[in-house]
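Okay, here's what each chain looks like letter by letter:
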Amino acid sequence: DQQVKQNSPSLSVQEGRISILNCDYTNSMFDYFLWYKKYPAEGPTFLISISSIKDKNEDGRFTVFLNKSAKHLSLHIVPSQPGDSAVYFCAAVAGSYQLTFGKGTKLSVIP
Amino acid sequence: EAGVAQSPRYKIIEKRQSVAFWCNPISGHATLYWYQQILGQGPKLLIQFQNNGVVDDSQLPKDRFSAERLKGVDSTLKIQPAKLEDSAVYLCASSPRLEAGGSNEQFFGPGTRLTVL
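In this text the structure is predicted, and so the values were computed from the model without any measurement.

Caption draft 1: Expanded view of the overall build of chain B. Counting secondary structure elements, chain B contains zero helices and 11 strands. Listing the helices and strands of chain B from first to last along the sequence gives β-β-β-β-β-β-β-β-β-β-β. Relative to its length of 117 residues, chain B is compact, with a C-alpha radius of gyration of 14 Å against a globular reference of 13 Å. When the backbone C-alpha atoms are referred to their principal axes, chain B occupies close to 40 × 30 × 30 Å. When the 117 residues of chain B are sorted by exposure, 45% land in the buried category.

Okay, structure coming up:
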């Protein structure tokens with residue numbers, strides 16, 4: 001039973017355009033959501049997070065939107081750059097402090 | 001500030017052999033995690049330590065996997081005997097402390113890629 005789902009295994013976007021990565025979850029107890037970015041042969045690195053009491057959090061080119069009623073969040077990258085090409089993982093936290101990860105979406109930004 | 005260190009980076013063994021991975025977390029981080037990431041999947045938590053005590057090991061296959069963090073700093077994860085399905089990247093992560101209601105941002109090491117033949 002996958003509690004965090006990233007249904008798009010891959011996404012290709014032109015440089016300068018917007019990248020939108022989606023994530024759905026099923027557990028209503030999740031109270032924090034995080035996005036991690038992973039390059040090959042490296043560990044995941046934290047990108048941005050959002051509390052369940054908010055619907056938007058912005059950090060530079062990265063914005064995360066949360067729709068609690070739909071149990072859906074999305075990561076927007078504007079403008080996309082070739083260095084953004086990586087695998088992006090959505091993760092969620094409930095009270096036990098464990099991170100539950102999705103399967104990831106591979107983003108390719110084409111110059 | 002140095003990041004999370006892991007060794008070895010790569011390991012190839014035959015099934016039924018044993019293997020051990022080492023992790024040194026970020027200095028001062030009380031909480032340490034071991035994850036297993038199978039190809040095409042997200043990281044799955046195996047075990048979580050707070051200082052030298054186990055917080056959660058519910059997803060650790062205890063018949064073959066063991067982990068310890070004796071002095072509350074470095075940690076080792078062992079597999080004995082290994083099976084083909086253990087082929088994965090083993091990630092170690094650390095965080096400053098468990099924080100109720102917090103985002104629990106974790107800092108990951110580069111991982112150890114294990115191949116079991």
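Caption draft 2: Quick peek at the interface of chain A and chain B. In this assembly, 19 residues from chain A lie in contact with 25 residues from chain B. Summing the contributions of chain A and of chain B, the shared interface buries around 1700 Å²; its carbon and sulfur component is 56%. Our count for the contact surface shared by chain A and chain B stands at zero salt bridges. Our count for the contact surface shared by chain A and chain B stands at four residue pairs in polar contact (both at pLDDT 80 or more).

Caption draft 3: Expanded view of the environment of Gln17 of chain B. All names here are of chain B. Within the element layout of this structure, Gln17 appears in the loop between strand S2 (10-13) and strand S3 (19-24). Residue Gln17 is classed as partly exposed on the basis of its relative accessible area of 39%. For the pair Gln17 and Pro81, spaced 64 residues apart in sequence, the C-alpha separation works out to 5.3 Å. Once you skip the residues sitting within four places of it in the chain, Gln17 turns out to touch Ile79, Pro81 and Ala82. Within the structure, Gln17 has its side chain in polar contact with the backbone nitrogen of Glu14 (distance 2.8 Å).

Caption draft 4: Local environment of the pairing of strand S9 (residues 86-93) of chain A. Residues and elements named next belong to chain A. With seven of eight residues buried, S9 lies mostly within the body of the structure. Bridge analysis of strand S4 (residues 32-38) against S9 gives seven bridges, and the strand direction is antiparallel. Its bridge partner lying in S9, Trp35 is registered against Cys90. Examined bridge by bridge, S9 and strand S11 (residues 105-110) share three bridges and lie antiparallel to one another. Following the sheet pairing, Tyr88 is matched in S11 by Thr105. Relative to strand S10 (residues 99-101), S9 runs antiparallel, the two being bridged by three bridges. The residue of S10 that forms the bridge with Val93 is Leu99.

Caption draft 5: Layout of the sheet that holds strand S7 (residues 62-67) of chain A. Residues and elements named next belong to chain A. Strand order across the open sheet formed by five strands is S1-S3-S8-S7-S6, with antiparallel pairing between neighbours. Both edges of this open sheet fall to strand S1 (4-5) and strand S6 (56-59), since each of them pairs with a single strand only. Here S1 runs beside strand S3 (residues 19-25); their pairing, made up of two bridges, is antiparallel. The residue bridging Val4 from the neighbouring strand is Tyr25, located in S3.

Caption draft 6: Here's a closer look at the state of the cysteines. A complete count under the given rule lists two disulfides over all chains for this structure. Here Cys23 of chain A engages in a disulfide with Cys90 of chain A; their sulfurs sit 2.1 Å apart. What sets the handedness of the Cys23 of chain A and Cys90 of chain A disulfide is the S-S torsion sign, and at about -75° it is left-handed. Here Cys23 of chain A, found in strand S3, pairs with Cys90 of chain A, found in strand S9; they are 67 residues apart in sequence, far enough to count as distant. For Cys23 of chain A, a relative accessible area of 0% translates into the label buried. What pairs with Cys23 of chain B in a disulfide is Cys92 of chain B, and their sulfur atoms sit 1.9 Å apart. Between Cys23 of chain B and Cys92 of chain B the disulfide shows an S-S torsion of about -70°. By sign, it is left-handed. One end of the pair, Cys23 of chain B, is in strand S3; the other, Cys92 of chain B, is in strand S9 (residues 88-95), with 69 residues separating them in the sequence. Owing to a relative accessible area of 0%, Cys23 of chain B belongs among the buried residues under this scheme. Of the residues examined, Cys92 of chain B reaches a relative accessible area of 0% and is grouped as buried.

The rules behind each value
- Residues numbered from 1 in each chain as written.
- Chains lettered and ligands numbered in written order.
- Predicted model: local features only at pLDDT ≥ 70, side-chain atom pairs only at ≥ 80, totals over all residues.
- Heavy atoms only, no water.
- Helix = DSSP H or I, 4+ residues; strand = E, 2+ residues; numbered from the N terminus.
- Rg over C-alpha atoms; globule rule 2.2 N^0.38 Å.
- Buried < 20%, exposed > 50% of the residue type's maximum accessible area, 1.4 Å probe, protein only.
- Contact = heavy atoms within 4.5 Å.
- Buried area = accessible area lost by both parts, 1.4 Å probe.
- Salt bridge = Lys/Arg side-chain N within 4 Å of Asp/Glu carboxyl O.
- Polar contact = N/O pair within 3.5 Å; in protein donor to acceptor, adjacent residues only side chain to side chain.
- Pairing = 2+ DSSP bridges.
- Disulfide = S-S within 2.5 Å.

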